[in-house]
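Listed below are the residues making up each chain.
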Amino acid sequence: MLTAVLFVIIVALLVWLFKRGPRDYAPNPFAEDTCRPPKPLVTDKAARKKVLKQSFTAEKVPENLDAVVIGSGIGGLGVAAILAKAGKRVLVLEQHSRAGGCTHTFSDKGFEFDVGIHYIGELQEHRSLRVLADQLTDGQLQWAPLDNPYDVLVLGSPDSRRDYPIYSGERRFPDELKKRFPEESTAIDKFMQLVQVVGRDVRFMAILKMIPKPAAKFLIGTGLLRILSPFFKMAPRSLAEVVEELTANKELQAAFTYIFGTYGVIPKNASFSLHALLISHYLEGAWYPQGGSSEIAFHLIPVIEKAGGAVLTRAPVRQILVNEAKKAYGVSVQKGDGEVQVYAPIVISDAGIFNTYERLLPKEIQTMPPIQQQLGMMNHGQGGLSIFVGLKGTKEELGLKACNYWLYPDNNIDELTEAYYRSSREDAAKFSAFVYIASPSAKDPTWEQRYPGKSTLTMLTFVSFDWFKDWEKEQVGQRAAEYQNLKEAFIQSLLNAAIDVYPLIKDKIEFVDAGTPLTNQHYIAAPRGEYYGCDHDLARFRPEVCAGIRAKTPVKNLYLTGQDLFLCGFAGALAGAQLCASTVLGRNVIWDLERLRKKLEKESEMKKMKAG
Ligand SMILES: Cc1cc2nc3c(=O)[nH]c(=O)nc-3n(C[C@H](O)[C@H](O)[C@H](O)COP(=O)(O)OP(=O)(O)OC[C@H]3O[C@@H](n4cnc5c(N)ncnc54)[C@H](O)[C@@H]3O)c2cc1C
Ligand SMILES: *[C@@H]1O[C@H](CO)[C@@H](O)[C@H](O)[C@H]1NC(C)=O
C-alpha cells in the first residue's frame, strides 16, 4: 500500500517537474548547442580589461532591461547568462573594480593570484555541470585536470608527519585508503557506500525549492521526504557521529573528514549529507580553469552582452527600489557622491542573503515577518584568511604539484579547531589548526607561457571574525600597525607550513601578502569576511530551511541566486543560478539542460561508433 502511494506521488512529482518545459512560453535557453571551438587564450591586458573591468556609468546602462543582477559572482553571471540565452537583456552590477566575485583574479608585483577557485569536480565530458559551463561560455572555457592524487592529507607536526594521498576514482579512492589502513577495509567500504547513496541524491534539495510550498510541506510533514531521499535521511546526522560509528581509528576518521575545509564547518557541526556530496563531487577527478579563474567571467560576459545586456563594475548597489505595493522595480547605484537609479521589472541578488535583506532592502521592508523568518534560518559562515605567495622559479624548479595539501597538526580535528577558535588572536596566529596549501600556477598549463620563470602558492585557513573586528572601520591599506603585525604573524606561521611541504621555495619568495576577513569584506562584500557565504551548519540542512529559502523572496519581483540560495562552491552557486533562472523564466531550465546533455551524449556516442 505504502509503495503504491509513494509511486503515485513520485510519478505526480516527476510529471509536474518535467512537463513544465514545453508548455511554457519563455524560450528554452538550452534549445541548441552553442559551443564553438575554443579561441586562443587572450593574454592582452587591455582586451581583458574591456570585458572584466567595464566601469559603471549611467550611459552604459542598456535600455529596456529585462532584469538587473546585484553581484557578479558565478551565481550572478550564471543566472544572467542563462537568461541571456533565453533572449533576455540583463544588467549585472558589481561593487568591486572587476567582475567575478570569488572567481576574480588580481595582480601584484607581477604575479597573478586567484581568490576563490582551487578545484572543481564533476567536469568530465557529458556531466551536467560540464555541459552547463560549456553552454554558458559558448565552449570557450577550458579545464585542466589536477594530478592524481589531487589532495594530500598531512597529519601531525613536522617531526611526526604522516602523508595520506587521496586519489580520485570510484575504485581507486577506497583502494588507496585501504593500502594505508589494511585493517579498516570494512569501514572504508561502508563509508563509500554511504557517500555514494547520500552524495548523489542532492536533487531533492532543488526539488524542495522548486515545488509549491504546500507540496514541500506535505513531503516534509508526512516523513515522505526522508523515505524518498537518502540525502535528507542523513542530513540531521553530524559527520563526526557517522564517521565515529564506522571506525575508532582516529587517523582514518581524519582521512574521511579532512575535506570539511571546502565548506568550512568542523566535523561535529557538519551535516554528513553535505560532506558526502563533496566527496562524490571530487570522486571522478578535479579540475582547474585553464588560463586562471578569471577565464570564467571573461567567457560568461560576452554571452550576456550578445543578448543586449552588460556587466558593469565599480557599481555598488546601495538600495533595492521597492514601491508602495512592496514590489521591487530597480536598484540605486552609488556613483561618486551621487546615486544613479536603474529600473528593471526583475531584480536578482547574488550579494548573499544578509547583504540583500539587511543592507539593501528599505528598513520598512526588512522588518516584514517573512524576511525576518528567513534571516532567522541562516547564520554567518566562518571567516577566512588567505596568504598569497609569489615565487621565483618554475614549478619544476620548485617541485610544485597540481595537488592540494591539507595540514592538521593532529588527528583530533574537532578539538583542535574548537580550541583554536577559542584562543586569542596572537596565539591563533602562531598555531593554525588547519592549513590548506596549493599552487594555482602549477595547476594551469598556460601559466608558463604567461608568467615564465615564476610560480605562486596560496595558503588558506579559517579565522574568527572577532580577531579582526577592531580594525573594521579603518580604511583598506591604512589600517593600524597592530593589524599589520597580526597579518605578519599569520604569514610567518603559514609560510613555515608551506616550506615544510615545499622545502625548495625557502629562498625563492619574492612576494607575500595576506587577505583577512576585512579584505574579504572589501573585495567580495562578505559581511563578516566569510569564505562561503552563509554557514553550512547542521541547521541549514533542515528540510524546512531548504524549502524555505527560495529564489523567490517575500518581496515581489526580487529573487535570490548564488551560494546562499543553494550551496557554496562553483557548482553550488551555479545550481543557485539555475534555480533562480527557472523561477524567473517559469520553466525548468535544469530539465532543459538535461535534454541537451542527453542529446549531445548520444551524438558523441554515434560519432565514436562511426569512427570505430
Ligand atoms: C578562498 C576560497 C576558496 C574557494 N575554493 C573553491 C574551490 O576550490 N572550488 C569551488 O568550487 N569553490 C570554491 N570556493 C567557493 C566559491 O568560490 C563560491 O562558493 C562561489 O564562487 C560563490 O559565488 P556567488 O556568486 O554565490 O558569490 P560571490 O562570488 O561572493 O559573488 C557575490 C558578488 O556580489 C558582489 N556584491 C555584494 N554586494 C554588492 C552590492 N551591494 N552591489 C554590487 N555588488 C555587490 C560582491 O562584490 C561579489 O562579487 C572558494 C571560496 C573562497 C573564498
Ligand atoms: C559547533 O556547534 C555548537 C552548537 O551549535 C556551537 O556552540 C559551536 O560554537 C560550534 N563550533 C564551531 C567551531 O563552529
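Reading the values: rules and limits
Residues numbered from 1 in each chain as written. Chains lettered and ligands numbered in written order. Predicted model: local features only at pLDDT ≥ 70, side-chain atom pairs only at ≥ 80, totals over all residues. Heavy atoms only, no water. Helix = DSSP H or I, 4+ residues; strand = E, 2+ residues; numbered from the N terminus. Rg over C-alpha atoms; globule rule 2.2 N^0.38 Å. Buried < 20%, exposed > 50% of the residue type's maximum accessible area, 1.4 Å probe, protein only. Near = heavy atom within 4 Å. Polar contact = N/O pair within 3.5 Å; in protein donor to acceptor, adjacent residues only side chain to side chain. Areas by Shrake-Rupley, 256 points an atom, 1.4 Å probe, with all protein chains shown as cover. Nonpolar A, V, L, I, M, F, W, Y, C, P; charged D, E, K, R; others polar. Axes fitted to C-alpha atoms, helices over the stretch in contact; angles between N-to-C directions. Parallel < 35°, antiparallel > 145°, perpendicular 65-115°, else oblique. Left-handed = near helix turned anticlockwise from the far one by under 90°. Contact = heavy atoms within 4.5 Å. Salt bridge = Lys/Arg side-chain N within 4 Å of Asp/Glu carboxyl O. Expected span 1.5 Å × (residues − 1). Arc of directions from axis to C-beta. Pairing = 2+ DSSP bridges. Patch = residues over 30% accessible without salt bridge, like charges linked within 9 Å, V, L, I, M, F, W, Y side chains within 5 Å. Lys, Arg positive; Asp, Glu negative; His and termini not counted. Charge placed at Lys NZ, Arg CZ, Asp CG, Glu CD. Domains from an automatic or database assignment. Buried area = accessible area lost by both parts, 1.4 Å probe.

Q: Kindly report on the overall build of the protein chain, identifying the contributing residues and their values.
A: Looking only at helices and strands, one finds 27 helices and 20 strands in the protein chain. Against the globule reference of 25 Å for 612 residues, the protein chain gives a C-alpha radius of gyration of 24 Å, in line with a compact fold. Oriented by its inertia axes, the alpha-carbon framework of the protein chain measures out at about 70 × 65 × 60 Å. Every one of the 612 residues in the protein chain was classed for burial, and the buried ones make up 59%.

Q: Could you give an account of the site of ligand 2, with specific residues and numbers?
A: The environment of ligand 2 is made up of Ile266, Asn269, Glu418 and Tyr421. A distance of 2.3 Å separates an oxygen atom of ligand 2 from a polar side-chain atom of asparagine 269. The fraction of the free accessible surface of ligand 2 (360 Å²) that becomes covered by protein chains is 40%. Here the shell around ligand 2 is built from residues that sort into 2 nonpolar, 1 polar and 1 charged.

Q: Tell me about the packing of helix 3 (residues 74-85) against helix 26 (residues 569-585), and please be specific about residues and values.
A: Two elements in contact, helix 3 and helix 26, have axes separated by 8 Å at closest approach and are oriented at 40°. Looking at the two axes, helix 3 sits oblique to helix 26. In this structure, helix 3 crosses over helix 26, and the sense of that crossing is right-handed. Counting all contacts with helix 3, which are made through Ile74, Gly75, Gly78, Val79, Ile82 and Leu83, the residues of helix 26 involved are Phe570, Ala573, Leu574, Ala577, Gln578, Cys580, Ala581, Val584 and Leu585. Looking at the contact of helix 3 with helix 26 residue by residue, the classes come out as 12 nonpolar, 3 polar and no charged.

Q: How would you summarise unusual backbone geometry if you had to cite specific residues and measurements?
A: At the junction of asparagine 148 and proline 149, the peptide bond is cis and its omega measures out at 15° in the coordinates. Mapped onto the fold, proline 149 is located in the loop between strand 6 (143-145) and strand 7 (151-155). Of note, asparagine 64 is a non-glycine position whose phi angle comes to about 50°, a positive value. Mapped onto the elements of the fold, asparagine 64 is located in the loop between helix 2 (45-52) and strand 1 (67-70). For asparagine 64, a relative accessible area of 66% gives the class exposed. Phi is positive for lysine 326, close to 60°, though the residue is something other than glycine. Relative to the elements of secondary structure, lysine 326 occurs in the loop between strand 11 (317-322) and strand 12 (328-335).

Q: If you had to explain the environment of leucine 225 to someone new, which residues and values would you point to?
A: Along the chain, leucine 225 falls in helix 9 (residues 224-228). Separated by 28 residues in sequence, leucine 225 and glutamine 253 place their C-alpha atoms 29 Å apart. Non-local contacts of leucine 225, meaning those with residues more than four positions away in its chain, are made with Phe204, Leu208, Leu219, Ile220, Phe232 and Pro543.

Q: Give a description of the pattern of salt bridges that names residues and reports values.
A: Per the counting criterion, the structure on display carries 31 salt bridges. Its salt-bridge partner being glutamate 170, residue arginine 200 comes within 3.6 Å of it at the nearest N-O pair. Of this pair, arginine 200 sits in the loop between helix 6 (185-199) and helix 7 (203-210) while glutamate 170 sits in the loop between strand 8 (162-166) and helix 5 (172-180), placing them 30 residues apart in sequence. Since its relative accessible area comes to 44%, arginine 200 is described here as partly exposed. The salt bridge involving aspartate 427 is made with lysine 430; its shortest N-O contact spans 3.7 Å. Of this pair, aspartate 427 and lysine 430 both sit in helix 20 (residues 425-430), 3 residues apart, which is roughly one turn of that helix. Look at lysine 430 and you get exposed, because its relative accessible area is 62%. Put simply, Glu594, Arg597, Lys598 and Glu601 are held in one network by salt bridges that share partners.

Q: Pulling in residues and values, what's your account of helix 6?
A: The end-to-end C-alpha distance of helix 6, which contains 15 residues, comes to 20 Å, matching closely the 21 Å that a straight helix rising 1.5 Å per residue would cover. When helix 6 is considered as a whole, its buried residues turn out to be Ala187, Ile188, Phe191, Met192, Val195, Val198 and Gly199. The buried residues of helix 6 occupy an angular sector of 150° when projected down its axis, which confines them to one face. Facing away from the buried surface of helix 6 by more than 90 degrees, the exposed residues are Thr186 and Gln193. Contact partners of the buried residues in helix 6: helix 5, helix 10 (230-234), helix 11 (239-246), helix 12 (250-257) and helix 13 (272-281).

Q: Which residues make up the pairing of strand 17 (residues 435-438), and what values go with them?
A: Successive residues of a regular strand alternate their side chains across the two faces of the sheet. On strand 17, burial covers both faces: Val435 and Ile437 on one face and Tyr436 and Ala438 on the other are all buried. Sheet topology note: the strand 16 (residues 404-408)/strand 17 ladder contains 3 bridges and is antiparallel. Paired with leucine 407 across the bridge in strand 17 is valine 435. Relative to strand 18 (residues 454-463), strand 17 runs antiparallel, the two sharing 3 bridges. Bridge pairing in strand 18 places tyrosine 436 opposite leucine 460.

Q: Talk me through the sheet that holds strand 15 (residues 383-392); I want residue IDs and the actual numbers.
A: Strand order in the open sheet formed by 7 strands is 8-7-16-17-18-15-19, and the pairing between neighbours is mixed. At either margin of the open sheet sits one strand with a lone partner, and together these are strand 8 and strand 19 (509-515). Ignoring which end each strand starts from, the neighbouring axes of this sheet average 15° apart. Pairing geometry for strand 15 and strand 18, over 10 bridges, is antiparallel. If you follow glycine 384 over to strand 18, its bridge partner there is phenylalanine 462.

Q: Account for the side chain of asparagine 404, naming residues and giving values.
A: Along the chain, the position of asparagine 404 falls in strand 16. Since its relative accessible area comes to 0%, asparagine 404 is described here as buried. Within the structure, the side chain of asparagine 404 is placed 3.1 Å from the side chain of aspartate 151, a separation counted as a polar contact.

Q: Residue-level account of a positive patch on the surface, with values.
A: The grouping of Lys49, Lys53, Lys60, Arg314 and Lys335 at the surface amounts to a positive patch. Note on lysine 335: relative accessible area 38%, which makes it partly exposed.

Q: Can you explain the domain arrangement of the protein chain? Please cite residues and give values.
A: As assigned here, the protein chain comprises domain 1 (2-102 + 290-377 + 549-611) and domain 2 (147-284 + 380-523). On a C-alpha basis, the centres of domain 1 and domain 2 stand 27 Å from each other. Taken together, the contact between domain 1 and domain 2 spans 25 residues of the former and 29 residues of the latter. Summed over both sides, the interface between domain 1 and domain 2 buries roughly 2300 Å², with carbon and sulfur atoms accounting for 75% of that surface. Scanning the region where domain 1 abuts domain 2 turns up 0 salt bridges. At the boundary of domain 1 with domain 2, the tally comes to 10 residue pairs in polar contact (both at pLDDT 80 or more). Within the residue set of the side of domain 1 that touches domain 2, elements represented by two or more residues are helix 1 (2-23) and helix 26. A per-element tally of the side of domain 1 that touches domain 2 places helix 1 first, with 6 residues. Residue composition of the side of domain 1 that touches domain 2, grouped by class: 16 nonpolar, 8 polar and 1 charged.

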